[in-house]
Amino acid sequence: MDATAEQIAKLRRAVDEITAKAALQACAVAVHDYRTGWRFEIAGDRLFHAASTIKVVILLAALRAVDEGRVRWTDPILVRNRFLSVIDGTPYRLNSDSDGYPQLYRAIGRTAKLCELANTMITSSSNLATNLLLDFLGTDYAREVLRAAGVAGVHLRRGVEDEKAFDQGVNNEATANGLVQLFAVLRGEFLSATSRERAIHILLEQRFNSMIPAGLPAHATVAHKTGEISTACHDAGIVYLPEREPYILAILTEVERDANGRRETVVKISEAIYGILTAKVAGP
């Protein structure tokens, strides 16, 4: 069912108040509640730089490739630090100092299993693992998986840290609605049961929990992926509560470069949505 006018108005007021105090440049929110079918969005189709939320696309593509028999979950992949810009094919390297898992750089010249890279890409947000997987699977294949899954509003265009592409405005982008769709696919029938379990398990092991989870009670668990760059601060995922069916939530924000308090804004929006869903939406 659709959200009631009262629910929409209350949540919109809460989000407006939070974002106004934070002086955000832009904010988008999308929610899909599986208990009631309740849906809500604010600027749900506005495009943002996806930052590391794009890594969920690569996770989906990896698991789909396993299901299709293109690759094995334990396939070895050579660890290297040399990638080609989508602009002109010139090589570039990643900086281990800005990687969420710098330990992977010590494995250069050796191999790592696909499953290990997928885990590190999500749980530690490793940029090196991301680019290795994207090269292994192919950007065109990952895009085709998105199309086959029916996900709109998430655009994979390149690997991470491709500075030439960034300078020319060629970026991975996402909308709040698109990320909600993406997480719904991970929970749905698009993947095999084994791959669904693998995806959710990896997302539940996320190490960076200072946004959506921080706005929830201690008994909640969240299968999610954050994304942060100097001007963006995002979180999206599936919220599990033992007393009810889960809901999917995406919160995307655009901020002044390196602004303070950006994560706290996402926390407050997460808290507001939890309050509306649990206090105002009654299920059977």
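Residues numbered from 1 in each chain as written. Predicted model: local features only at pLDDT ≥ 70, side-chain atom pairs only at ≥ 80, totals over all residues. Heavy atoms only, no water.

Caption draft 1: Structural view of the sheet that holds strand S8 (residues 154-155). In space, the 3 strands of this open sheet follow the order S3-S9-S8, with antiparallel pairing throughout. Each of the sheet's edge strands pairs with one partner strand only, and the pair in question is strand S3 (48-49) and S8. Sheet topology places S3 next to strand S9 (residues 173-174); 2 bridges connect them, and they run antiparallel. Paired with Phe 48 across the two strands is Ala 174, which belongs to S9. (Pairing = 2+ DSSP bridges. Helix = DSSP H or I, 4+ residues; strand = E, 2+ residues; numbered from the N terminus.)

Caption draft 2: Just the pairing of strand S2 (residues 39-42), in detail. Taking every second residue as pointing to the same face, the buried face of S2 carries Phe 40 and Ile 42, while none of Arg 39 and Glu 41 on the other face is buried. Relative to S2, strand S1 (residues 26-33) runs antiparallel, the two being bridged by 4 bridges. Looking at the pairing, Ala 30 lines up with Glu 41 of S2. (Buried < 20%, exposed > 50% of the residue type's maximum accessible area, 1.4 Å probe, protein only.)

Caption draft 3: Region of the structure containing the sheet that holds strand S10 (residues 221-229). Judged by pairing direction, the sheet is antiparallel, and its 5 strands sit side by side in the order S2-S1-S12-S11-S10 without closing on themselves. Single-partner strands in this sheet number two, and they are S2 and S10. Neighbour-to-neighbour, the strand axes of this sheet turn through a mean angle of 5°, independent of strand direction. Pairing analysis gives 8 bridges linking S1 to strand S12 (residues 244-254), with the strands arranged antiparallel. Bridge pairing links Val 29 to Ile 251 in S12. Along the sheet, helix H1 (residues 5-22) makes contact with S1 and S2, crossing S2 at roughly 35°. With respect to the sheet, helix H8 (residues 193-204) is in contact with S10 and strand S11 (232-241), its orientation differing from that of S10 by roughly 65°. (Axes fitted to C-alpha atoms, helices over the stretch in contact; angles between N-to-C directions. Contact = heavy atoms within 4.5 Å.)

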